[in-house]
Amino acid sequence: MSFNVLIVDDSPSMRQVIKKVIQISGFDVGELLEAGNGKEALEVLSSNWVDVILSDIHMPEMDGIEMLRRLSEEDLWKRIPVIMVSTEGREQVIEEAKRLGAKGYVKKPFNPEQIKEILMSVMGKEYERDTGQEA
Amino acid sequence: MKEILVRKLKEVTSEVLETMFYLVPEDLEGGSPRGEGEYVAEIPIEGSGTKAAIYLSFSSNLAEQMAANFLAEGEVSPPMIIDVLKEAANMVGGNLVSALDKRGKWKLGLSQVYQGVEAYGMVIGLEPICEFDVDGEILRVYATGRRGG
């Protein structure tokens, strides 16, 4: 099962690192799309099919929390699993992200295995949900 | 309070360098020979009526090494080096705030990187609050803070 990934982070170098981690993790990835903040992410989503989003929280223009809020308001987008990848470690911010629908959280700094594991976990659940079979 | 800040800064700086840059910093307890770095990355922190900032000072060699390790590339363009240093400061600041501010009163600003004379100007007159030897290169960490921001 191939899936399209959207990486949202205001740092081009961090987007590049996450892209490489996904590419070497052995996933059957279709398109790897990028956005520099929440606003750009919504623009990408309006013209591309995305299966999973990895997003930072602290970003200029539109942060990851506001992006989650916008996603939760759109029927087409609210089912896309979102994994937060952020330096933010405060409980109430992470809880707010989960309340708005985030399916996972990876704290920066991370090691590549953490990204791989959470993607496997989240996409495995999506596969089970869509097909009724174990991934 | 300063002791806790210094201890946490050392912890988060080491964690960031080891995990994302594959570099092992050694704490220079006794200080290091002077001479400022070519780059200074600043991360502003604001909250509870205080404006603060953390500054990380890197030599050119260390900045290039960090960028190459982070991106797993032999050569990294100057704009990408600056972006990598911004991200390093962001990770240090974010993890420091997460460790010290459990009630969520502090907010991170956007990180900036200064180079050359501008970098020197950012830290002139400040005493580093911790210093590391990273593969023979010196990394200095500075902090400023004032009430009533």
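Counting of residues starts from 1 at the beginning of each chain's written sequence and follows it residue by residue. Numbering of ligands from 1 and lettering of chains from A proceed in the order in which they are written. A pLDDT threshold of at least 70 governs which residues receive local features in this predicted model, and a stricter bar of 80 or more applies before side-chain atom pairs are shown or counted, although totals over entire chains, interfaces and linings include all residues.

Visitor: What should I look at first to understand the overall build of chain A in this one?
Guide: Under the scheme used here, helices are H or I runs from DSSP no shorter than 4 residues and strands are E runs no shorter than 2 residues, and both carry numbers assigned from the N terminus. Along chain A, the regular secondary structure elements total five helices and five strands. For chain A, the sequential pattern of α-helices and β-strands runs β-α-β-α-β-α-β-α-β-α. Rg of the C-alpha trace for chain A: 14 Å, near the compact-globule value of 14 Å for 135 residues, within the 12% margin. Projected onto its principal axes, the C-alpha coordinates of chain A cover approximately 35 × 35 × 30 Å. Looking at chain A as a whole, 39% of its 135 residues are labelled buried. Residue pairs are scored as contacts if the distance between their C-beta atoms, which are placed from the backbone, is within 7 Å. If you take every contact in chain A between residues at least 6 apart in sequence, the share linking residues at least 24 apart comes to 60%. In this setup the radius of gyration rests on C-alpha atoms only. A globule is expected at 2.2 Å times the number of residues raised to 0.38. Using C-beta atoms placed from the backbone, we call a residue buried if 20 or more other C-beta atoms fall within 10 Å of its own, exposed if 12 or fewer do, and partly exposed for counts in between.

Visitor: For this particular structure, what's the right way to read the confidence of the model for chain B?
Guide: Parts of the model with low pLDDT should not have their predicted coordinates read in detail. Residue and element names in this part refer to chain B. In this model, chain B carries an average pLDDT of 91, and 95% of its residues clear a pLDDT of 70 or more. For every residue, the pLDDT score states the predictor's confidence, bounded by 0 at the bottom and 100 at the top. Mean pLDDT values for the elements of chain B range from 89 in strand β4 (residues 107–108) up to 97 in strand β5 (residues 112–115). Across the interface, the model reports ipTM at 0.88; the global pTM reads 0.90.

Visitor: Sorry, what's going on with the sheet that holds strand β5 (residues 102–107) of chain A here?
Guide: Sheet strands line up and pair through hydrogen bonds in the backbone, either parallel or antiparallel. Residue and element names in this part refer to chain A. A pair of strands is treated as paired once DSSP finds two or more bridges between them. Overall, parallel pairing links the five strands, which are arranged β2-β1-β3-β4-β5 in an open sheet. On the outer flanks of this sheet lie β2 (29–35) and β5, each paired with one strand and no other. Averaged over all pairs of adjacent strands, the angle between strand axes in this sheet comes to 20°, irrespective of strand direction. The pairing of strand β3 (residues 52–55) with strand β4 (residues 82–86) spans three bridges and is classified as parallel. Pairing of Leu54 across the sheet is with Ile83, part of β4. Axis geometry follows a simple rule: fit a line to the C-alpha atoms, using only the stretch in contact for helices, then measure angles between N-to-C directions, giving values from 0 to 180 degrees. Contacting β1 (3–8), β2, β3 and β4, helix α1 (residues 12–24) runs over the sheet at an angle of about 170° to β2. Across the sheet, helix α3 (residues 64–72) touches β1, β3, β4 and β5, and the angle it forms with β4 is around 175°.

Visitor: Can you help me understand the interface of chain A and chain B in this one?
Guide: Interfaces are often sized by the amount of accessible area the parts lose when they come together. Between chain A and chain B, the residue contacts involve 19 residues of the former and 22 residues of the latter. With six residues, the single largest contributor to the side of chain A that touches chain B is α1(A). Across the side of chain A that touches chain B, the residue classes break down as seven nonpolar, eight polar and four charged. Gly counts as polar in this scheme, as do all residues outside two lists: the nonpolar Ala, Val, Leu, Ile, Met, Phe, Trp, Tyr, Cys and Pro, and the charged Asp, Glu, Lys and Arg.

Visitor: Would you explain the environment of A:Asp51 in this entry?
Guide: Residue and element names in this part refer to chain A. One can find Asp51 in the loop between α2 (38–47) and β3. C-alpha of Asp51 to C-alpha of Val29: the two residues are 22 residues apart in sequence and 10.0 Å apart in space. Discounting chain neighbours no more than four positions away, the residues touching Asp51 are Phe3, Asn4 and Val5.

Visitor: Help me out: how do you make sense of the nonpolar core in this one?
Guide: A general trend in soluble globular proteins is that nonpolar side chains are found buried together. Residue and element names in this part refer to chain B. We define a nonpolar core as a collection of buried residues of the types Ala, Val, Leu, Ile, Met, Phe, Trp, Tyr and Cys that are connected via C-beta atoms lying within 7 Å of each other. Judged by nonpolar contacts, the single largest core of 78 residues is most densely connected at Ile54, Leu56, Leu85, Ala88 and Val92. In terms of residue count, the dominant contributor to this core is helix α3 (residues 78–100) (10 residues). Excluding its chain neighbours within four sequence positions, the residues that come into contact with Val92 are Val12, Thr13, Val16, Ile43, Ile54 and Leu56.

Visitor: Explain the environment of B:Gly37 here, please?
Guide: Residues and elements named next belong to chain B. If you trace the backbone, Gly37 turns up in the loop between β1 (25–27) and β2 (39–47). Residue classification places Gly37 among the buried positions, given that 23 C-beta atoms sit within 10 Å. Spatially, the C-alpha atom of Gly37 lies 10.0 Å from that of Val117, the residues being 80 residues apart in sequence. When near neighbours in sequence (up to four residues on either side) are disregarded, Gly37 contacts Ser57, Phe58, Ser59, Ala119 and Arg140.

Visitor: Sorry, what's going on with unusual backbone geometry here?
Guide: Omega for the peptide link from A:Lys108 to A:Pro109 comes to 0°, which places this bond in the cis form. Here the phi dihedral of B:Tyr22 falls at roughly 55°; this positive angle occurs in a residue that is not glycine. Structurally, B:Tyr22 can be placed in the loop between α1 (2–21) and β1. Note on B:Tyr22: 13 C-beta atoms within 10 Å, which makes it partly exposed.

Visitor: Any chance you could explain the packing of α1(B) against α3(B) here in plain terms?
Guide: Helix-helix packing: each pair is described by the crossing angle between the helix axes and the interaxial distance. All names here are of chain B. Where α1 meets α3, the axes come as close as 9 Å, and the angle between the chain directions of the two elements is 135°. In terms of their interaxial angle, α1 and α3 are classed as oblique. With respect to the hand of their crossing, α1 and α3 are arranged in right-handed fashion. Contacts from Lys8, Leu9, Val12, Thr13, Glu15, Val16 and Met20 in α1 reach Ala88, Met91, Val92, Asn95, Leu96, Ala99 and Leu100 in α3. For the contact of α1 with α3, the residue count by class is 10 nonpolar, two polar and two charged. Angular relationships are summarised with four words: roughly parallel below 35 degrees, roughly antiparallel beyond 145, roughly perpendicular across 65 to 115, and oblique for the angles in between. Here a crossing is taken to be left-handed if its near helix is turned anticlockwise relative to the far helix by less than a right angle, and right-handed if that turn runs clockwise.

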